[in-house]
Amino acid sequence: LKPHSSTMRISTTSCLCPFLVCLCFIQRCSSVSHHTPAKVPTKNQTKLANGETEVHHRPKRGWIWNQFFVLEEHTGPDPQYVGKLHSNSDKGDGSVRYILDGEGAGSIFIIDEVTGDIHATKSLDREKKSHYVLHAQALDRYTEEALEPKSEFIIKVQDINDNAPKFPDGPFVATVPEMSEVGTSVLQVTASDADDPTYGNSARIVYSILQGQPYFSVDPKTGIIRTALADMDREAREHYTVVIQAKDMAGQVGGLSGSTTINITLTDINDNPPKFPQKNYQLYVPESAQVGKPVGKIKANDDDLGINADIKYSIINSEGANTFSISADRDTKEGIISLKKPLNYERKKSYTLHIEGMNTHADPRFSYLGSFKDTATLKITVGDVDEGPVFSIDHYIMDVYENAPRGTEVGAVTARDPDSRNSPVRYFLDSKEDDERYFRIDEITGVIRTTKPLDREDITWHNITVMASEVDNPSLLSHVPVTVQVLDVNDNPPEVAADEEIILCESSRPGQVIQTVTAVDKDDFANGQRFAFALPSQLPVNPNFTLKDNEDSTASIIARRRRFNHLTQELYELPIVVWDGGEPSLSGTSTLTLRVCPCQRHGRIRACQGEAFLSSAGLSTGALIAILLCIIILLAIVVLFITLRRSKKEPLIISEEDIRENVVTYDDEGGGEEDTEAFDIIALRNPAAAEELKFRRDIRPEARQHCGLLRSRRSPSVDLDDVDVQEFIKQRQVDADLDTSVPPYDSLQTYAYEGQGSPTGSISPLDSPGTQSEQDYNFLDEYGPDFQRLAELYGRK
C-alpha cells in the first residue's frame, strides 16, 4: 500500500478486508488534503536530522507497509509477525536502515533494520493495553541521513474471547411480597465482560436461570428477575435460592460463562385471620384477687408477622365486661385478663366471658376470605377465700365538744365477717397513731370514747385508725380511718389585737381619732364574730383619752385634750375591756401603750426619741453598752499615749535663755460683738501683765521658724471708746521692732479682737419683755419642722 505523500501519518483505522482497506485509503487521502502539520515538510522537501529541510527534485517517495495488528494471547514458539515498514527509497541494496522507537520498541516489538519487518516477542493482553504508539524512521546506512521523515503509527492488539462474564456485586439479596402476581419484578442483575464489545460477540452476554424454576424467571437481555408462579405463600415457603448464568458469544457454543446467586425472601402480608386454638377455656380466680392485677391469659394464633399479626382483644358480653378487662401484650400477642371490680364468692361464684380477637391491620385485597377475627368463650370460677372483716362504710367522721369529760362517747364503728360462717369481730385502735391516747374503743361493740378532755384550740381534728379482726382468725385484719372533729365552746375570752405600741402625735387635738383597734378570740367564728368595747367602769374617767365602740367589732381611741409633749410624758397606758358574742359571753381586759412622738404634717412621724432610732437600727441595749465601753477604752488608751509622749519631750531644766518664738492667742469668741463680759480684756489694757508674757523663755525651739508679723486690721465699725486698745497694739508693735534683746526669730503675737458695732440687733429672748401676749401662735404648727420649737415656746397657754 503506497501513500499519497511521504508526510502522511499512519491512521489507527483497522482494515480487516479489501473493502475496508479501500475505505481506509479514501479516509486517509481526505484527511491529508485537509490537514497539514506544521512540523512536516512540504512537497519535494526532506526534514533533516538537524531540523532543516532540503528541497529535492526527484519523483514521489514514501513509506510502504502491510499490516499493523497483533493478536492477543499469542503462544506460538516464534515471535508473532506484526507488519512491514518499507520506503520507496529502498532499492533493495541494503543501503536503507530502519529504526523503530516508542511504546514497547526493543522489548515487545523488534524491527529488522534491513527488511523493515516488525515482530512481537511477547504475548500481549488487550485487557491490560489495547494499543501501542510507535515511531518509524528510515536512514541512509552510510551517511546516517534521514531518507524519510519520522512517522507515527499505532499497533492495535486484536481481541480474542479470553474473559468470562462476571457479576461484580454478587451474591445478591432481594425481597418480594408473597402472593404477588406473575411477572412482578424482583431484581435486575448485570454482568460485565472485559473483552472488546466492538469486536465480534466476545462481550455479548445472554442471561439464563440455572436454579429457581418454576418460581422465578430472568430476561435473557436485561437480567431482570421476575416471579414466574402465582400465589406464592410465605407461610408455606419463605426463602428461595436463584442461580443466574451470564454467557458471552451471544450464548453460542464455545462461549464463556459466569454465574451468581440471589437469595429471595417473600415478605409477609396480612392474608391469615387470627384463630383461637380452642373455642372454650376455663380459669380459676380467688375472690381475694386484687383489682387491676392480671388474673389470666388467652391467645389467638396468627400465621402472619409484625403488624399483620397484631390482635385486638375485647370482651363482647356485658357480664364479663363489667367485672373484667382484657388488653393485648405487644411482645407475646396474648390477651391479658385483669380484674376491674372486687370478687365476692358469697355473691357470685362464676362468670362467663365471650372474647373476640381481631386483626388491627386488615388488607382489603383479601376481604373475600371473610372477616379477620375469631371468638372464644372463657368461664371464670371464683374461689372462696377466708376474708377479713368488712366495715359498714369506708370512712367514719365523728364529732365531740371540747372540754367534754373523760369517757364521753364519740361514735361507733361496725364490721362483719363477709364469709358464710359469720365469725365474731373484735375492734382495737392502731397504737402507732394515737400516741397520747385521746380515745379508746370497746373491742366488742366498737364504741369510741374519750380518755381525757379535749381542747379545740390545741387540736381541732383527730385522725385515728380502727382495726378489726375475726375471733377465729386474728391474723386477718381490716382497717378503717376515723376522723374526729372537736367542736368549739366559748371558753376563751377575747383580747385587743395590738401587735405593737400605738404612736400618739404631740399635735393631737381634742376629738381626734388616734387609733382603731380590733379584737381577737381563740374560739371559732360562731362564738367570736361580734365584739363590744368599753373603758373599765371601776376606774376614774381618763382625762386624756376616751373610747368609742363602732359597733362593727372595732373601737376608736379618741384624744380628749390638746397637745401632748414627749418631754413631759412619753408613755400612756390605756386599759380596754372587750366582750365576745358567745354563749355565755366572755370578756377580757387589755392594756395598750401609747407613745408620744413629734410628727410632721399629716401625722407623719418625725422622730420618736432615741429608742425608736435604736430599735430601727436593730441594736439591743446590751450591744449599745458594749459599744460604749469599747469607745471609752479606746479614748483612755489615746489619752494615755499622748500623755506619755508629752512627758518624754519635756526638758529637765527650763532655760531662761529660750529664744523660740512666742505665740499668744486669745481665741474666745464670746457672745458676739456686743458681749464684753465673756472675755476679760484687762490683759490687753494692762501693760504690766503683757510685759510678763514678752520675756517668757520656758520653751526651747526645735526648728528655726520664720513667721511674718501679724498685723491686725481695724474694723470700720470700731467706736472711739476702744482707742486705748488700738494704741496698746501699736505700742507693742513699736516695742517689738525696737527691742534689741529680741532674738533673731520672728515673733508672732496675736491679739484677737473682733471689734464691735454690728448694725444687727439681738434676737435673744432673754431681753424680751416679760408680759404675756394675747396672740394665738397655733398657726406655727402649719409651718413645718423649722417652726416646731417656736410653736412649743409660744403656742402653749
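Residues numbered from 1 in each chain as written. Predicted model: local features only at pLDDT ≥ 70, side-chain atom pairs only at ≥ 80, totals over all residues. Heavy atoms only, no water.

Draft legend 1. Representation of unusual backbone geometry within the structure. With an omega dihedral of 5°, the bond running from Gln213 to Pro214 counts as a cis peptide bond. Here Pro214 is to be found in the loop between strand S13 (206-211) and strand S14 (216-218). Within the chain, Met179 stands out as a residue other than glycine whose phi angle is a positive 60°. Relative to the helices and strands, Met179 resides in the loop between strand S11 (172-177) and strand S12 (185-188). Owing to a relative accessible area of 25%, Met179 belongs among the partly exposed residues under this scheme. Here Glu551, not a glycine, exhibits a phi torsion of approximately 60°, which is positive. By relative accessible area, Glu551 is classed as exposed at 63%. (Helix = DSSP H or I, 4+ residues; strand = E, 2+ residues; numbered from the N terminus. Buried < 20%, exposed > 50% of the residue type's maximum accessible area, 1.4 Å probe, protein only.)

Draft legend 2. Representation of the environment of Arg449 in the model. As for its placement among the helices and strands, Arg449 is situated in strand S31 (residues 447-450). For Arg449, a relative accessible area of 29% corresponds to the partly exposed category. Separated by 49 residues in sequence, Arg449 and Val400 place their C-alpha atoms 9.6 Å apart. Apart from residues no more than four positions distant in its own chain, Arg449 is found in contact with Gly407, Thr408, Glu409, Val410, Tyr438, Phe439 and Arg440. A distance of 3.3 Å separates the side chain of Arg449 from the backbone oxygen of Gly407, its partner in a polar contact. (Contact = heavy atoms within 4.5 Å. Polar contact = N/O pair within 3.5 Å; in protein donor to acceptor, adjacent residues only side chain to side chain.)

Draft legend 3. Local environment of the sheet that holds strand S36 (residues 513-520). The strand order S34-S36-S39-S38 describes an open sheet built from four strands, whose pairing is antiparallel. Among the strands making up the open sheet, the edge pair consists of strand S34 (495-497) and strand S38 (545-549). Each adjacent strand pair in this sheet contributes to an overall mean axis angle of 35°, direction not counted. (Pairing = 2+ DSSP bridges. Axes fitted to C-alpha atoms, helices over the stretch in contact; angles between N-to-C directions.)

Draft legend 4. Fine view of a nonpolar patch on the surface. Together, Ile627, Leu628, Ile631 and Leu635 give the surface a local cluster of nonpolar side chains, amounting to about 380 Å² of exposed area. By the secondary structure assignment, Ile627 is in helix H5 (residues 621-649). (Patch = residues over 30% accessible without salt bridge, like charges linked within 9 Å, V, L, I, M, F, W, Y side chains within 5 Å. Areas by Shrake-Rupley, 256 points an atom, 1.4 Å probe, with all protein chains shown as cover. Salt bridge = Lys/Arg side-chain N within 4 Å of Asp/Glu carboxyl O.)

Draft legend 5. Local environment of the sheet that holds S31. Taken in spatial order, the three strands make up an open sheet running S27-S31-S30, and their pairing is antiparallel. Unpaired on one side and paired on the other, strand S27 (409-412) and strand S30 (439-441) mark the two borders of the sheet. Going across the sheet, the axis of each strand differs from the next one's by a mean of 25°, ignoring polarity. As judged from the three bridges shared by S27 and S31, these two strands associate in the antiparallel manner. If you follow Glu409 over to S31, its bridge partner there is Arg449.

Draft legend 6. Broad picture of the pattern of salt bridges. Summed over all chains, the structure comprises 17 salt bridges. One salt bridge connects Lys129 with Glu103, and the closest N-O pair in it is separated by 3.5 Å. Taken together, the positions of Lys129 in the loop between strand S8 (117-120) and strand S9 (131-140) and Glu103 in the loop between strand S6 (96-102) and strand S7 (109-111) put the pair 26 residues apart, joining distant regions of the chain. Of the residues examined, Lys129 reaches a relative accessible area of 31% and is grouped as partly exposed. On the basis of relative accessibility, which here comes to 34%, the residue Glu103 falls in the partly exposed class. Between Glu457 and Arg456 there is a salt bridge whose closest N-O contact spans 3.0 Å. Classification of Arg456 as buried rests on a relative accessible area of 12%.

Draft legend 7. The state of the cysteines, seen in detail. A complete count under the given rule lists one disulfide for this structure. Paired by a disulfide, Cys505 and Cys599 hold their sulfur atoms 2.1 Å apart. Disulfide Cys505-Cys599: torsion about the S-S bond near -85°, hence left-handed. Placement of the pair is Cys505 in strand S35 (residues 502-505) and Cys599 in the loop between strand S41 (587-597) and helix H4 (609-617), with a sequence separation of 94 residues. Taken as a pair, Cys505 and Cys599 share a single burial class, namely buried. (Disulfide = S-S within 2.5 Å.)

Draft legend 8. Spotlight on the pairing of S9. Across seven bridges, the pairing between S6 and S9 is antiparallel. Looking across to S9, one finds that Tyr98 is bridged to Ala138. Relative to strand S10 (residues 146-158), S9 is paired through eight bridges, and the arrangement is antiparallel. Following the sheet pairing, His131 is matched in S10 by Lys156. Counting the residues that bridge the hairpin from S9 to S10 gives five residues, and of these Glu144 lies at a positive phi of roughly 60°.

Draft legend 9. Representation of the packing of aromatic side chains. Throughout the structure, instances matching the rule amount to nine aromatic pairs. An aromatic cluster is present here, built from Tyr215, Phe216 and Tyr240 joined pairwise through their rings. Over the ring of Tyr345 we find Lys349; its NZ or CZ atom is 4.7 Å from the centre of that ring. Note that Lys452 overlies the ring of Tyr438, its terminal NZ or CZ placed 5.3 Å from the centroid. (Phe/Tyr/Trp six-rings, centres within 6.5 Å; stacked < 30°, edge-to-face > 60°. Lys NZ or Arg CZ within 6 Å of the ring centre and 35° of its normal.)

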